[in-house]
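Here is what each chain is made of, one letter per residue.
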Amino acid sequence: MTKHIENEECYGGLTVNKGIEQPPAVNPYLKKSRRAKRKNYSADEYVEGILKGDITILSQAVTLLESVLPEHHEIAQSVIAKCLPYAGKSVRVGITGVPGAGKSTSIEAFGLHLLKESHKLAVLAIDPSSERSKGSILGDKTRMEKLSNHPNAFVRPSPSAGSLGGVARKTRETIILCEAAGFDTIFVETVGVGQSETAVHSMVDFFLLIQVPNTGDELQGIKRGIMEMADGIIINKADGSNMEKAALAQAQFKNALHLFPMADSGWTPQVLTYSGFYEKGIKEVMEMIDAYVAFTKKNGFFETKRRKQSKYWMYESINEKLKDSFYQNPDIKSLLKTKELQVLNDQSSSFVAAKELLDLYFISLKK
Ligand code: GDP
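The following paragraphs examine the structure supplied in this document.

The rules behind each value
Residues numbered from 1 in each chain as written. Predicted model: local features only at pLDDT ≥ 70, side-chain atom pairs only at ≥ 80, totals over all residues. Heavy atoms only, no water. 1 Å grid on protein atoms, 1.4 Å probe; cavity = no way out; pocket = protein on both sides within 12 Å on 5 of 7 lines; lining within 4 Å. Points joined across faces, edges and corners; volume = space filled by probe spheres on them. Helix = DSSP H or I, 4+ residues; strand = E, 2+ residues; numbered from the N terminus. Nonpolar A, V, L, I, M, F, W, Y, C, P; charged D, E, K, R; others polar. Expected span 1.5 Å × (residues − 1). Buried < 20%, exposed > 50% of the residue type's maximum accessible area, 1.4 Å probe, protein only. Polar contact = N/O pair within 3.5 Å; in protein donor to acceptor, adjacent residues only side chain to side chain. Near = heavy atom within 4 Å. Areas by Shrake-Rupley, 256 points an atom, 1.4 Å probe, with all protein chains shown as cover. Pairing = 2+ DSSP bridges. Axes fitted to C-alpha atoms, helices over the stretch in contact; angles between N-to-C directions. Lys, Arg positive; Asp, Glu negative; His and termini not counted. Salt bridge = Lys/Arg side-chain N within 4 Å of Asp/Glu carboxyl O. Contact = heavy atoms within 4.5 Å. Phe/Tyr/Trp six-rings, centres within 6.5 Å; stacked < 30°, edge-to-face > 60°. Lys NZ or Arg CZ within 6 Å of the ring centre and 35° of its normal. Core = buried A, V, L, I, M, F, W, Y, C linked by side-chain atoms within 4.5 Å. Right-handed = clockwise from strand over helix to strand, strands pointing away.

## Details of the layout of surface pockets
Part 1: Of the volumes computed, that of the largest pocket is approximately 1,200 Å³.
Part 2: Gln-77, Arg-169, Glu-173, Ser-317 and Glu-320 are, among the 41 residues lining the largest pocket, the residues nearest its centre.
Part 3: Going through the elements one at a time, helix H4 (70-83), helix H7 (164-180) and helix H12 (301-328) are the ones with two or more residues in the lining of the largest pocket.
Part 4: Ranked by the residues each element gives to the lining of the largest pocket, the list is headed by H12, at 16 residues.
Part 5: Split into classes, the residues belonging to the lining of the largest pocket amount to 14 nonpolar, 14 polar and 13 charged.

In structure tokens form, the structure reads like this:
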């Protein structure tokens, strides 16, 4: 036993009892399980776990594919390739709306509805501005709490900041892993403020635009392109004193949609009102998606669109890889700023500078 000065006689009454010297670990297995969690799985072990529907392993595989380390990249790509034959069987839904439109409230309501009907739901996000450490709007852990804690749901925030192309590719790859893990419905959420809608649109079957009733012209500020992409426009917050405004907005959107040419799918986009907060009209929104899937599967558009998307992503991946390879090339890195300055100072034209850099790049590949 350690010698405790407090036990000496002059400190009468103060004793250190035996037994408090080495308090036992609260959970003696904790260390062990932590170590086990950090285990580096092989690609086959990841795939096995994913196919079994193990959410912890799925989550670790997604972390791996989001990693910037080349060795992680290699395993991740092998996991994706092995999962691919098991993927593709879900319904993929893109959900957009400006911040405050009620995306997370609605996704939670839609999700809980689906889970009650024995579906398995994955909620992913694309937010190129996000950086997890800074608490992105789409990465906030407190959002969609009920879904996050549900055993049949997998909620994953946006891959952290990077180019939109990079973030979108990772989300698309995550869809494959989620599908292989047995998730039959995938929601991909994005903030309705920029280019990310196009990226989401290119990876989903159905694109849902969330709007809110407002006074004045409903259509103001909504980019025509986003409306054109929508297979359904849903007006949230149709509750309490908003009911009338919501009905007005519904009529305005319906009118505006009439002005658009018929979509390639042959589907007429619907406009519905609902309340995510009070969970009213949720079933109807989900039924609209089911109706779209049935309609487009029947006329062949569902499959055609998926094929087109695969082609699009092949080219996107090539473009991204080429760009990466160019900008990460050490020769280019050392000369890029100099060339940029020459262009800015009119010492070189943009085209000449670009050609010189590209020539240098191609020469460096042959070295
Ligand atoms: P997000 O930024 O698009 O994810 O929006 P949130 O889901 O965080 O919702 C923004 C605000 O709108 C919150 O204060 C919600 O409580 C509120 N809200 C969301 N859905 C509804 C609804 O159906 N009715 C009403 N009245 N408020 C809602």
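## Section: helix H3 (residues 55-66)
Part 1: Here H3 spans 16 Å end to end across twelve residues, near enough to the 16 Å set by a 1.5 Å rise per residue.
Part 2: Turning to H3, its buried residues number three or more, namely Ile-57, Leu-58, Gln-60, Ala-61, Val-62, Leu-64, Leu-65 and Glu-66.
Part 3: Put simply, Asp-54 is the residue that caps the front of H3, since its side-chain oxygen is 2.9 Å from the backbone nitrogen of Thr-56.

## Brief notes about the site of the ligand
Part 1: The full set close to the ligand counts 15 residues, and Gly-100, Lys-103, Thr-105, Arg-143 and Asp-239 are the nearest of them.
Part 2: Take Lys-237: an N or O atom from its side chain is 2.9 Å from an oxygen atom of the ligand.
Part 3: Burial of the ligand by the protein chains amounts to 69% of its free accessible area of 570 Å².

## Here we look at the pairing of strand E5 (residues 206-211)
Part 1: Counting buried positions along E5 yields six of six residues, so the element is predominantly enclosed.
Part 2: Because side chains alternate across E5, one face comprises the buried residues Phe-206, Leu-208 and Ile-210, and the other comprises Phe-207, Leu-209 and Gln-211, equally buried.
Part 3: Bridge count between strand E1 (residues 91-97) and E5: four bridges; the pairing is parallel. Looking at E5, one finds that Gly-94 is bridged to Phe-207.
Part 4: Inspection of the sheet shows E5 paired to strand E6 (residues 232-235) by four bridges, in the parallel sense. Opposite Leu-209, over in E6, you have Ile-233 as the bridge partner.

## A few points about the sheet that holds strand E7 (residues 270-273)
Part 1: Taking strand neighbours across the sheet as the criterion, the seven strands line up as E3-E2-E4-E1-E5-E6-E7 in an open arrangement whose pairing is parallel. Strands at the two margins of the open sheet, each flanked by one partner only, are strand E3 (153-155) and E7. Adjacent strand axes in the sheet meet at a mean angle of 20°, parallel and antiparallel pairs treated alike.
Part 2: As paired strands, strand E2 (residues 121-126) and E3 are joined by three bridges and run parallel to one another.

## Section: unusual backbone geometry
Glycine aside, residues mostly have negative phi angles, and peptide bonds mostly take the trans form.
Part 1: Located in the positive-phi region is Lys-237, a residue other than glycine, with phi close to 65°.
Part 2: Looking at Lys-237, the relative accessible area reads 32%, which means it is partly exposed.

## Quick word on H7
Part 1: The terminal C-alpha atoms of H7 lie 25 Å apart, and with 17 residues this matches the ideal 24 Å at 1.5 Å per residue to within 8%.
Part 2: Among the 17 residues that make up H7, 15 are buried, leaving the element largely enclosed by the rest of the structure.
Part 3: Two residues or fewer after H7 comes Gly-182, characterised by a positive phi angle close to 100°.

## So, the side chain of Arg-172
Part 1: Following the sequence through the fold, Arg-172 ends up in helix H7.
Part 2: Buried within the structure, Arg-172 lacks any salt-bridge partner; its nearest side chain of opposite charge belongs to Glu-173, at an N-O separation of 7.6 Å.
Part 3: Non-local contacts of Arg-172, meaning those with residues more than four positions away in its chain, are made with Met-203, Gln-309, Ser-310 and Trp-313.

## A few points about the packing of aromatic side chains
When we look at a pair of aromatic rings, we describe it by the centre distance and by the angle of the planes.
Part 1: If you walk through the whole model with that rule in mind, you get eleven aromatic pairs.
Part 2: With a centroid separation of 5.3 Å and an interplanar angle of 70°, the aromatic rings of Phe-326 and Tyr-361 are classed as edge-to-face. Of this pair, Phe-326 sits in helix H12 while Tyr-361 is found in helix H14 (residues 350-366), placing the two residues 35 residues apart along the sequence. The same class applies to Phe-326 as to Tyr-361, namely buried.
Part 3: Seen from the ring of Phe-183, Lys-120 lies directly overhead, with NZ or CZ sitting 4.6 Å from the centre.
Part 4: The lysine or arginine in question, Lys-297, covers the ring of Phe-302, its NZ or CZ lying 4.8 Å from the ring centre.

## A few points about the nonpolar core
Part 1: In this structure, Ile-50, Leu-58 and Leu-177 are the most contacted members of the largest nonpolar core, which totals 52 residues.
Part 2: Broken down by element, the residue count for this core peaks at seven residues, all from H7.
Part 3: When near neighbours in sequence (up to four residues on either side) are disregarded, Leu-177 contacts Ile-50, Leu-58, Ala-61, Val-62, Leu-65, Val-79, Ile-80 and Cys-83.
Part 4: Ranked by size, the runner-up nonpolar core spans 32 residues in total, among them Ile-107, Ala-109, Leu-121 and Val-212.

## Topic: the pairing of E7
Part 1: The pairing of E6 with E7 spans four bridges and is classified as parallel. Directly across from Ile-235, in E7, lies its bridge partner Thr-273.
Part 2: One crossover worth recording links E6 to the parallel E7 by way of helix H10 (residues 243-258), and it is right-handed.

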